[in-house]
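# Architecture and fold: a report
So you can see what is in the structure, the chains are spelled out below.
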Amino acid sequence: MRKQVDIVNHKPELAEEVVESVHTVMHLFRSLQFQALKEAAHDLSHMEAKTLGFFASRPGATQSELVQHSGRDKGQVARLIAGLRERGLLEASADAADKRSVRLQVSAAGKALQQQVRKQGQKVAAQAVGGLDEAECRQLLDLLAKLRENLERTD
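Residues numbered from 1 in each chain as written. Predicted model: local features only at pLDDT ≥ 70, side-chain atom pairs only at ≥ 80, totals over all residues. Heavy atoms only, no water.

## A word on the pattern of salt bridges
Convention followed: Salt bridge, as used here: a side-chain nitrogen of Lys or Arg that lies within 4 Å of a carboxyl oxygen of Asp or Glu. Secondary structure counts use DSSP, requiring at least four H or I residues in a row for a helix and at least two E residues in a row for a strand, with both numbered from the N terminus. Whether a residue is buried, partly exposed or exposed follows from its accessible area with a 1.4 Å probe, protein chains only, as a fraction of its type maximum: under 20%, in between, or over 50%, in that order.
Per the stated rule, a full pass over the model turns up four salt bridges. When the shortest N-O distance is used, the salt bridge between R103 and E65 registers 3.9 Å. Of the two residues, R103 sits in strand β2 (residues 102–106) while E65 sits in helix α4 (residues 63–70), which places them 38 residues apart along the sequence. You can call E65 partly exposed: its relative accessible area is 34%. The partner of E134 in a salt bridge is R138, and the shortest N-O contact between them spans 2.9 Å. Residue E134 and its partner R138 are both found in helix α7 (residues 134–152); the two are separated by four residues, about one turn of the helix. We classify E134 as exposed; its relative accessible area is 54%.

Here it is, written out as structure tokens:
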């Protein structure tokens, strides 16, 4: 019963303002990241950076696993991976158990580039939380977790 009362007590306009604010902050964050990538002459798109990050954290993952993780279509992921392989940022090897399956890992050059991208992301994140103390950051994380739980819940 409490949840119904909570929902009734929130004005729809306030709920929309909260969600729009979260969206605006995330869009600005991604924009600053992308701008930094362009300025650093990496010639790396946002999705290419995300793809490198995926394989850096999951060496030996497959294209299918990236499709499942990202929600992107197979063709788009295939083009991303092909471009990164052509530039020597991703390496492929056949799966020992299933020769039809290709395992991907970040090359040495890709690792160096991915670390630069990660450092830039950390700088933008630090800028975003500048002026917030640790307690405020934790409170914000808790509130965002509640928003996520609400959206993931199927009623």
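Having seen it, we continue.
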